[in-house]
Amino acid sequence: MADNKISTSQLAKKRDIKAQDLFAELKRAGYINRAEQSWVLTEIGAKFGGEYVQHSKFGQFIVWPENLLIDDSLSKGELLSATSLGKYFALSAKRINLLLSELGWISKSEHGWVATASGLTHGAQQKTDKETEQSFVLWHDTITKNKRLKQTVVEYLGQDAQAKAIDKSFASFQHKFAAKHRTLDGHYVRSRAELIIDNWLYMNGIVHAYDRALPIEQEQLSDFYLPTGKVYLQYWGDEHGAMADEEIERIRALYRHHQFALIDVYSDEIERLDQVLPARLREHGIKAY
């Protein structure tokens with residue numbers, strides 16, 4: 001078990017309250033979320049020190065600092081529909097769902113919208129309309145404070161675009177100044193290898209974004225994001241060759257932790273994309289021409 005951290009049941013006992021009451025309090029505050037028969041640790045819960053541990057007998061569960069602060073001011077304990085979120089951000093419900101889908105938090109099925117594993121960590125709760133049997137998602141009200149959602153809305157609306165571009169470039173996104181290779185679809189990328197990947201995706205009719213920030217609190221760019229399959233594509237190299245193993249593992253750990261789908265491309269595969277990419281894309285429901 002994590003050092004100096006205890007289970008929710010142990011924490012309830014320490015605070016002399018019923019475990020079910022503590023679970024309810026944590027859920028109301030947005031620290032945990034319910035998914036079928038298990039509890040999911042949210043981004044907010046992780047901020048306050050929650051983490052998963054694996055036990056040989058009890059499996060995976062969440063542990064907390066013994067002095068855990070439950071900040072009730074973050075939430076009113078309400079669930080918000082896409083319509084309610086739309087009113088908050090001055091967008092239509094349809095547009096909100098499309099932006100949430102682009103972030104990888106929901107996906108479209110023949111029966112409606114379905115919460116993804118990543119969406120669950122941001123407070124998504126799956127629902128079904130009893131009359132129409134259509135699926136939809138409600139959101140814990142802390143979603144309105146989510147940094148990535150607010151940034152995505154700002155970028156979509158073009159609000160404060162110049163200030164945000166300058167701010168990013170001179171802060172954590174400085175390396176974007178090296179993006180000097182122009183691709184067929186007008187992207188500017190940092191290396192010849194990324195240019196080849198971008199052109200390959202474009203020529204195969206695959207919609208993609210370049211240098212898309214991961215929808216998490218940490219500032220981390222993905223090389224490519226393919227919204228059709230909700231999958232990221234990472235090239236493990238740069239203009240000087242292969243990336244350091246330590247850096248690769250650091251970035252991979254982020255993808256694993258947040259359960260983001262990832263396609264790897266290595267330096268020695270750049271000249272063989274026709275052979276390596278189609279099969280990897282098919283695993284995520286993406287068909288190349």
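Under the criterion given, the structure shown has 10 aromatic pairs. Seen from their ring centres, Tyr-88 and Phe-89 are 4.9 Å apart, and the 80 degrees between their planes marks the pair as edge-to-face. The rings of Tyr-225, Tyr-232, Tyr-255 and Phe-260 are connected pair by pair, giving a single aromatic cluster. Its guanidinium or amino end placed over the ring of Trp-39, Arg-34 lies 4.7 Å from that ring's centre, counting from NZ or CZ.

On to the pattern of salt bridges, then. Applying the stated criterion across every chain yields a total of 15 salt bridges. Of the charged contacts in the structure, one is a salt bridge between Arg-212 and Glu-155, with a shortest N-O distance of 3.8 Å. Of the two residues, Arg-212 sits in strand β13 (residues 209-213) while Glu-155 sits in helix α7 (residues 147-157), which places them 57 residues apart along the sequence. Under the relative-accessibility criterion, Arg-212 is labelled buried at 13%. The exposure class of Glu-155 is partly exposed, given its relative accessible area of 37%.

This next bit is on the environment of Leu-157. Take Leu-157: it is sitting in helix α7. Here Leu-157 falls in the partly exposed class, since its relative accessible area comes to 36%. Along the backbone, Leu-157 and Leu-214 are 57 residues apart, and their C-alpha atoms lie at a distance of 19 Å.

For the rest of this paragraph, the subject is the nonpolar core. Nonpolar side chains in soluble globular proteins generally cluster together in the buried interior. Counting residues in each nonpolar core, the largest one holds 22 residues, and the members touching the most others are Leu-85, Leu-100, Trp-139 and Leu-149. Only α4 (82-89), α5 (93-102), β8 (112-115), β10 (135-140) and α7 provide two or more residues apiece to this core. Contact partners of Leu-149, with chain neighbours within four places excluded, come to Phe-89, Leu-100, Leu-103, Trp-105 and Ile-143. Counting residues in each nonpolar core, the second largest holds 21 residues, with Ile-197, Ile-206, Val-276 and Ala-288 among its members.

What follows is about unusual backbone geometry. One non-glycine residue, Ala-90, lies in the positive phi region at around 60 degrees. As for its position among the elements, Ala-90 is in the loop between α4 and α5. Backbone geometry at Glu-133 places phi at a positive 60 degrees, although glycine is not the residue there.

With that settled, consider the sheet that holds strand β5 (residues 59-65). Read across the open sheet, the 3 strands follow the order β1-β5-β4; overall the sheet is antiparallel. Edge positions in the open sheet fall to β1 (5-7) and β4 (51-55), since each of these has one partner strand only. Neighbour-to-neighbour, the strand axes of this sheet turn through a mean angle of 50 degrees, independent of strand direction. For β4 and β5, the ladder comprises 5 bridges, and the chain directions are antiparallel. The residue bridging Glu-51 from the neighbouring strand is Val-63, located in β5.

When pLDDT is averaged along the protein, the result is 88, and 91% of the positions lie at 70 or above. By mean pLDDT, the top-scoring element of the protein is β10 (97), and the lowest-scoring one is helix α8 (residues 161-169) (49). Below pLDDT 50 for its whole length, residues 168-174 participates in 10 contacts with residues either more than four positions away or in separate chains.

Cut-offs used in this document
Residues numbered from 1 in each chain as written. Predicted model: local features only at pLDDT ≥ 70, side-chain atom pairs only at ≥ 80, totals over all residues. Heavy atoms only, no water. Phe/Tyr/Trp six-rings, centres within 6.5 Å; stacked < 30°, edge-to-face > 60°. Lys NZ or Arg CZ within 6 Å of the ring centre and 35° of its normal. Salt bridge = Lys/Arg side-chain N within 4 Å of Asp/Glu carboxyl O. Helix = DSSP H or I, 4+ residues; strand = E, 2+ residues; numbered from the N terminus. Buried < 20%, exposed > 50% of the residue type's maximum accessible area, 1.4 Å probe, protein only. Core = buried A, V, L, I, M, F, W, Y, C linked by side-chain atoms within 4.5 Å. Contact = heavy atoms within 4.5 Å. Pairing = 2+ DSSP bridges. Axes fitted to C-alpha atoms, helices over the stretch in contact; angles between N-to-C directions. pLDDT = per-residue confidence, 0-100.

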